[in-house]
Amino acid sequence: MQTFGGISIVNAIPSWYGSSMAIDLKVNVDVEEGHSTFQSSLVKTILDYFRETYNIPELKVNIRSEIPQMSGLKSSSAVSTALIAAISEKFGIEVDIPKLSAILSIKSGVSVTGAYDDATAAYYGGVSFTYNKEFKLIKMENFPEDISILILAIGNRPNIDLKILKKYNLLFEEIFKIALRDIITAMKLNGLAIAEILGYDKEPIISALKNGAIASGISGNGPSIFALCKEGDDGPIYESLSKYGKVIVTRAVEIGDRYRKIDNTR
Ligand SMILES: Nc1ncnc2c1ncn2[C@@H]1O[C@H](COP(=O)(O)OP(=O)(O)O)[C@@H](O)[C@H]1O
Ligand SMILES: O=C(O)C1=C[C@@H](OP(=O)(O)O)[C@@H](O)[C@H](O)C1
């Protein structure tokens, strides 16, 4: 089963309201009967849930991922929705895939709110707007087509105290309201606020903005940085971000792209 990584529009930790967009970094997960030697805490929690609830046999899990881990690019939600989808398809079990992903992400300790915003975007594609406290999908829409997305992909997030974000609930609830009508302004405000609050180096962000980015900031809890620009304007931004590390140029994934790709192979 294929799902997608993503970048943040609004981080859901402060106010439970979150928004995330799917990008073209793919995760593919398949399962077969057998035994896995190593399982991350997230994978183990999902397998245990299905064994205990539906009495399925032991499974070997094969994960192929283009998403750097511990980087704020939604690796955990992409892996968890893809694994839940692969298991439910193999055994004909009907579940709400993004909701179960959120519940088991909290249980396994990899997520604070369950990241239902990330799970819906990872699974359906497009841009999600959610209220994670109630696993409520407020709306989904597509990202503007003529925007390029650059990512300074930085992995191995340092140990940061995420509880501090809760103090800023009113600010992020306001950013979420802005996101409902203006995704790009909200991404910029959210990305800058997260950088300030969590104490990340703002130099690459400032440099991207000076070189023509219409928005730049931290994705998720960081440390990865995104920059957006009009298609064709990416050259100077790419150069400026490259001074700090590996830059990925990617595109937004539209709602239902996964199904269109499957259809194309027929
Ligand atoms: N490619 C992967 N394979 C197995 N488990 C993964 C993978 N990516 C994420 N996870 C699980 O999710 C947890 C959190 O991953 P992380 O990369 O921090 O996610 P995010 O970028 O969504 O914050 C990891 O500690 C691991 O348990
Ligand atoms: O743990 C959580 O509930 C969340 C973690 C963040 O994402 P990352 O895990 O990608 O940092 C955030 O953007 C998301 O809205 C909610």
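Residues numbered from 1 in each chain as written. Chains lettered and ligands numbered in written order. Predicted model: local features only at pLDDT ≥ 70, side-chain atom pairs only at ≥ 80, totals over all residues. Heavy atoms only, no water.

1. Quick notes on the site of ligand 2
Here is step 1: Around ligand 2 there are 16 residues in total, and Ala-12, Val-112, Thr-113, Asp-117 and Asn-221 lie nearest to it.
Here is step 2: Between Lys-74 and ligand 2, the recorded distance is 2.9 Å, taken from a side-chain N or O atom to an oxygen atom.
Here is step 3: In this structure, Asp-118 approaches ligand 2 through a side-chain N or O atom, which is 3.5 Å from an oxygen atom.
Here is step 4: When isolated, ligand 2 has an accessible area of 390 Å², and the protein chains bury 95% of it.
Here is step 5: Partitioning the shell around ligand 2 into residue classes produces four nonpolar, eight polar and four charged.
Here is step 6: Each of domain 1 (2–141) and domain 2 (147–250) gives at least three residues to the shell around ligand 2. (Near = heavy atom within 4 Å. Polar contact = N/O pair within 3.5 Å; in protein donor to acceptor, adjacent residues only side chain to side chain. Areas by Shrake-Rupley, 256 points an atom, 1.4 Å probe, with all protein chains shown as cover. Nonpolar A, V, L, I, M, F, W, Y, C, P; charged D, E, K, R; others polar. Domains from an automatic or database assignment.)

2. Overview of the UniProt feature "binding site: ATP" (unreviewed entry) in the chain
Here is step 1: Here the UniProt feature "binding site: ATP" (unreviewed entry) sits at Pro-68, Gln-69, Met-70, Ser-71, Gly-72, Leu-73, Lys-74, Ser-75, Ser-76, Ser-77 and Ala-78.
Here is step 2: On the secondary structure map, Leu-73 appears in the loop between β3 (59–65) and α2 (75–91).
Here is step 3: With a relative accessible area of 1%, Leu-73 lands in the buried category.
Here is step 4: If we ignore the near neighbours within four places in the chain, the residues touching Leu-73 are Gly-5, Gly-6, Ile-7, Ile-67, Pro-68, Ile-151, Ala-153, Ser-219 and Ser-224.
Here is step 5: Residue contacts for Ala-78: discarding those within four places in its chain leaves Thr-3, Phe-4, Gly-5, Val-27, Ile-67 and Ala-122. (UniProt positions renumbered as here; feature names shortened; annotations may be inferred. Helix = DSSP H or I, 4+ residues; strand = E, 2+ residues; numbered from the N terminus. Buried < 20%, exposed > 50% of the residue type's maximum accessible area, 1.4 Å probe, protein only. Contact = heavy atoms within 4.5 Å.)

3. Regarding the UniProt feature "domain: GHMP kinase C-terminal" (unreviewed entry) in the chain
Here is step 1: The sites that UniProt annotates as "domain: GHMP kinase C-terminal" (unreviewed entry) are residues 203–246.
Here is step 2: When the span residues 203–246 is considered, its composition is 39% helix and 23% strand, and the gap between its end C-alpha atoms is 15 Å.

4. Side note on the site of ligand 1
Here is step 1: The environment of ligand 1 is made up of 14 residues, and the closest members are Ser-40, Met-70, Ser-75, Ser-76 and Arg-157.
Here is step 2: Interatomic distance of 2.9 Å between a side-chain N/O atom of Ser-40 and a nitrogen atom of ligand 1.
Here is step 3: Within the side chain of Ser-76, one N or O atom sits 2.8 Å away from an oxygen atom of ligand 1.
Here is step 4: Relative to its unbound accessible surface of 550 Å², ligand 1 loses 84% to contact with the protein.
Here is step 5: At the level of elements, α1 (41–54) and α2 are the ones that each hand at least two residues to the shell around ligand 1.
Here is step 6: Residue contributions to the shell around ligand 1 peak at three residues, all from α2.

5. Description of the nonpolar core
Here is step 1: Counting residues in hydrophobic clusters, the biggest one holds 73 residues, and the most contacted among them are Met-21 and Phe-143.
Here is step 2: Examining the composition of this core, we find that nine residues originate from one element, helix α6 (residues 183–198), more than from any other.
Here is step 3: When we break this core down by domain, the ones giving at least three residues each are domain 1 (2–141) and domain 2 (147–250).
Here is step 4: Setting aside chain neighbours within four positions, we find Met-21 in contact with Gly-5, Gly-6, Ile-7, Ile-9, Ala-121, Gly-126, Val-127, Phe-143, Ile-149, Met-187 and Ala-252. (Core = buried A, V, L, I, M, F, W, Y, C linked by side-chain atoms within 4.5 Å.)

6. Some words on the packing of aromatic side chains
Here is step 1: Taken as a whole and judged by the stated rule, the model has eight aromatic pairs.
Here is step 2: Between Tyr-49 and Phe-50 the ring centres are 5.3 Å apart and the planes differ by 85°, which places this aromatic pair in the edge-to-face class.
Here is step 3: You can call Tyr-49 partly exposed: its relative accessible area is 21%.
Here is step 4: Note on Tyr-116 and Phe-135: the rings are 6.1 Å apart at their centroids and 80° apart in plane angle, and the pair reads as edge-to-face. One end of the pair, Tyr-116, is in helix α4 (residues 116–124); the other, Phe-135, is in the loop between β4 (127–131) and β5 (136–141), with 19 residues separating them in the sequence. (Phe/Tyr/Trp six-rings, centres within 6.5 Å; stacked < 30°, edge-to-face > 60°.)

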